[in-house]
Amino acid sequence: MKINGIKEIAEAAGCSCSTVSRVLNNRNGISEATRQKIISIAEKLDYANKRKKRIVAVFCFLDSDGYDAYSMHLLRQVVLALHNAGFYAEVLFNENIEIVGEHYICGAVSIQLSVEGIPELWGKKYKLPMVCVNDRDNLPEDIHSVVSDDRLAISNAVQWLFENGHRSIYLLTVKIQENNLTDETRLKAFQEKIKELGIEADCGVCFTRNRFRSTLPVDTYIRKIPKSCTAVINLIEDSAYNFGTRLKVLRPDIAFITYSYPWQQDVLSMGYPYIVQD
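Residue positions are given per chain, counting from 1 as you read along its sequence in written order. Since the coordinates come from a predicted model, pLDDT governs what is reported: local features require at least 70, and pairs of side-chain atoms require 80 or more to be given and counted, while whole-chain, interface and lining totals use all residues. Excluded from the side-chain calculations are hydrogens and water; all other atoms, namely the structure's heavy atoms, are used.

A. Representation of the packing of aromatic side chains in the model. A pair of aromatic rings is counted whenever rings of Phe, Tyr or Trp (Trp by its six-membered ring) have centres within 6.5 Å, and the orientation is called stacked for planes under 30 degrees apart, edge-to-face for over 60 and tilted otherwise. With the rule as written, the count across this model stands at 1 aromatic pair. Between the aromatic rings of Phe256 and Tyr272, the centroid separation amounts to 4.9 Å while the plane-to-plane angle is 80°, which identifies the pairing as edge-to-face. Here the residue Phe256 occupies a position in strand β9 (residues 255-260), and Tyr272 occupies one in the loop between α11 (265-268) and β10 (274-276), the gap between them amounting to 16 residues. Here Phe256 falls in the buried class, since its relative accessible area comes to 3%. When the ring centre of Phe162 is taken as reference, the NZ or CZ atom of Arg167 above it lies at 3.7 Å. We note Lys248 situated over the ring of Tyr272; from NZ or CZ to the ring centre the distance is 5.1 Å. Here a helix means four or more residues in a row that DSSP labels H or I, a strand means two or more in a row labelled E, and each is numbered from the N terminus. A simple rule labels every residue: compare its accessible area, found with a 1.4 Å probe on the protein chains alone, to the largest value its type can have, and call it buried under 20%, exposed over 50%, or partly exposed in between. Two thresholds decide whether a charge sits over a ring: the Lys NZ or Arg CZ must be within 6 Å of the ring centre and within 35 degrees of the ring normal.

This is the structure in structure tokens:
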């Protein structure tokens, strides 16, 4: 029997699973006798409560300013994982938390939404479990988190460059926006590591200001990198390929480590060391 119970209902009613699905979703084209028979069996099998226990609300950010490819990648992976575990996923945007009812879900997943206050609001309104993906680790009690270890990634990148003789290392990133926890974590990790190694006087950060990262004028920012710089760590995944190719032309003397997304095969094949944001 499938977890959702439709197959069991179909066998008891002597009809197909598609017919059961049509009745349970209030669709037309089914005789009243068959409809009533299926509804009666579903009630006896406590179908509504069984189904409730398999629905997970998935919250993601609705950004009217642009398409966030990484968040969509996370969303796809979360929904696939839930499906493989036998759950239904109901995708909701950050502004829709008020419409969620405990009567039909068994828990929730929040994707990069701590800045919207979703975990705090959830903890006040609901007793159902919530897991936050790639948010932060200092969440309210009973709110669980799964995060990328950006601090370790940056620390390892700086350490690797240092061990290979680099003492003037620059970080290339977008200008930190308010409440951007990912960029803040990466920047802080970089600053802490260069201080630990005693090279902070010769290192620095180059900030870009472009909101849409994939359209950055990379030549402009590469020329801002001081001539004394021998290595760059790039945090802007969307522009990784452009930065890498232009850096080979404008500053072939610079070592380059970049963040990239799992699907950026052009970046992964460039020959530079990289940090995959997965």
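B. Seen up close, the sheet that holds strand β7 (residues 204-208). One bridge is not enough; two strands pair if DSSP finds at least two bridges between them. The strand order across the open sheet formed by 5 strands is β7-β6-β8-β9-β10, and the pairing between neighbours is parallel. What marks the edges here is a single partner per strand, and that holds for β7 and β10. The sheet shows a mean angle of 15° between the axes of neighbouring strands, direction not considered. Bridge analysis of strand β6 (residues 169-174) against strand β8 (residues 231-234) gives 4 bridges, and the strand direction is parallel. By the bridge assignment for β8, Leu171 is matched with Ile233. To get an axis, fit a line to the C-alpha atoms, keeping to the stretch in contact for a helix; angles then go from 0 to 180 degrees between the N-to-C directions.

C. Region of the structure containing the sheet that holds strand β2 (residues 88-93). On the basis of which strands lie adjacent, the open sheet formed by 5 strands has the order β2-β1-β3-β4-β5 and parallel pairing. Whereas interior strands pair on both sides, the edge strands pair on one side only; in this sheet they are β2 and β5 (143-146). Across the sheet, the axes of successive neighbouring strands diverge by a mean angle of 25°, strand direction being ignored. Two elements, strand β1 (residues 55-60) and strand β3 (residues 107-111), share 4 bridges in a ladder whose sense is parallel. Bridging across to β3, Val56 finds its partner in Gly107. Seen against the sheet, helix α5 (residues 69-84) touches β1, β2, β3 and β4 (130-133) and runs at an angle of roughly 175° to β1. Contacts were defined at the residue level, with two residues in contact if any of their heavy atoms lie within 4.5 Å. Contacting β1, β3, β4 and β5, helix α6 (residues 118-125) runs over the sheet at an angle of about 180° to β4.

D. Quick look at the pairing of β6. Counting buried residues along β6, 6 of its 6 residues qualify, which places the element largely inside the surrounding structure. Pairing geometry for β6 and β7, over 5 bridges, is parallel. Directly across from Thr173, in β7, lies its bridge partner Phe207.

Geometric values such as these leave the question of function open.
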